[in-house]
Amino acid sequence: MTREARLDYFPWKDEYSVGIFEIDSQHRTLIAILNRLYSELWEDKAQESLDAAIEELIEYTKTHFAFEEALMEKYGYPGLPAHQAIHAKLTREVGEFRNSIDQGRLANPLDALPFLKDWLTLHILKQDKEYASLIADLIE
Ligand SMILES: [Fe+2]
């Protein structure tokens, strides 16, 4: 299969939208990192690509989580402490996943994809909808 013909591993869907343009755009960036990894894993530098993608996801989520928390604070979202705890848990989970890769517990780099997809799906589809629906109404 050519690179051009390959479909995204994790295609963006309208239902992922949380109704705030900047948040959607950051979520699309997270998904794009995963799709690029999927594409690269078919090429030679599998382990290298996986390490780089996880690093990039960890770095970008730091920025993204800080942005979300600042937004929640700005609009006085009462669930901020609970959402900070969710962010801490998500950060811990991906950190532990990186450790397991570092320790060679992943037989095939492709095995990382389902974990990362679920990790992002939970964050975007479930956990961000609640705060975003409240804040989107205030922004409008
Ligand atoms: Fe988010």
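Above: the structure in question.
Undergrad: Would you mind showing me how to read the overall build of the protein chain here?
TA: The secondary structure content of the protein chain amounts to five helices and zero strands. The globule rule puts the C-alpha radius of gyration for 140 residues at 14 Å, and the 16 Å found for the protein chain is close to it. Along the first, second and third principal axes, the C-alpha set of the protein chain runs to 50 × 35 × 20 Å. Scored against the burial criterion, the 140 residues of the protein chain give a buried share of 41%. Long-range pairs, those at least 24 residues apart, make up 76% of the contacts in the protein chain between residues at least 6 apart in sequence. For the protein chain, the accessible surface area stands at approximately 8000 Å², while carbon and sulfur atoms represent 54% of it. Each charge class in the protein chain can be summarised by its mean position, and for the 15 positive and 26 negative side chains these summaries are 3 Å apart.

Undergrad: Would you take a moment to explain helix H3 (residues 80-102) for this structure?
TA: Spacing of three or four residues puts side chains on the same side of an α-helix, whose turn is 3.6 residues. The end-to-end C-alpha separation of H3 is 33 Å, in line with the 33 Å expected for 23 residues at 1.5 Å each. Within H3 the residues assigned to the buried category are Leu80, His83, His87, Leu90, Val94, Gly95, Phe97, Ser100 and Ile101. Packing partners of the buried residues in H3 comprise helix H2 (46-74), helix H4 (112-127) and helix H5 (129-139). Directly after H3, the chain includes glycine 104, whose backbone phi takes a positive value near 70°.

Undergrad: Where do I start with the side chain of histidine 87 in this structure?
TA: By the secondary structure assignment, histidine 87 is in helix H3. Assessed through its relative accessible area of 2%, histidine 87 is described here as buried.

Undergrad: How should the nonpolar core be read in this particular structure?
TA: Generally speaking, a soluble globular protein has its nonpolar side chains buried in company with each other. Among the nonpolar cores identified, the biggest contains 26 residues, and Leu34, Leu37, Ile54, Leu116 and Leu120 are the most heavily contacted of them. Taken together, the elements giving at least two residues each to this core come down to helix H1 (21-40), H2, H3 and H4. Not counting the four nearest positions on each side in its chain, leucine 116 is found in contact with Leu34, Leu37, Ile54, Leu57, Val94 and Phe97. Within the second largest apolar cluster, eleven residues are counted, among which are Ile20, Leu71, Tyr77 and Leu80.

What counts and what doesn't
- Residues numbered from 1 in each chain as written.
- Predicted model: local features only at pLDDT ≥ 70, side-chain atom pairs only at ≥ 80, totals over all residues.
- Heavy atoms only, no water.
- Helix = DSSP H or I, 4+ residues; strand = E, 2+ residues; numbered from the N terminus.
- Rg over C-alpha atoms; globule rule 2.2 N^0.38 Å.
- Buried < 20%, exposed > 50% of the residue type's maximum accessible area, 1.4 Å probe, protein only.
- Contact = heavy atoms within 4.5 Å.
- Areas by Shrake-Rupley, 256 points an atom, 1.4 Å probe, with all protein chains shown as cover.
- Lys, Arg positive; Asp, Glu negative; His and termini not counted.
- Charge placed at Lys NZ, Arg CZ, Asp CG, Glu CD.
- Expected span 1.5 Å × (residues − 1).
- Core = buried A, V, L, I, M, F, W, Y, C linked by side-chain atoms within 4.5 Å.

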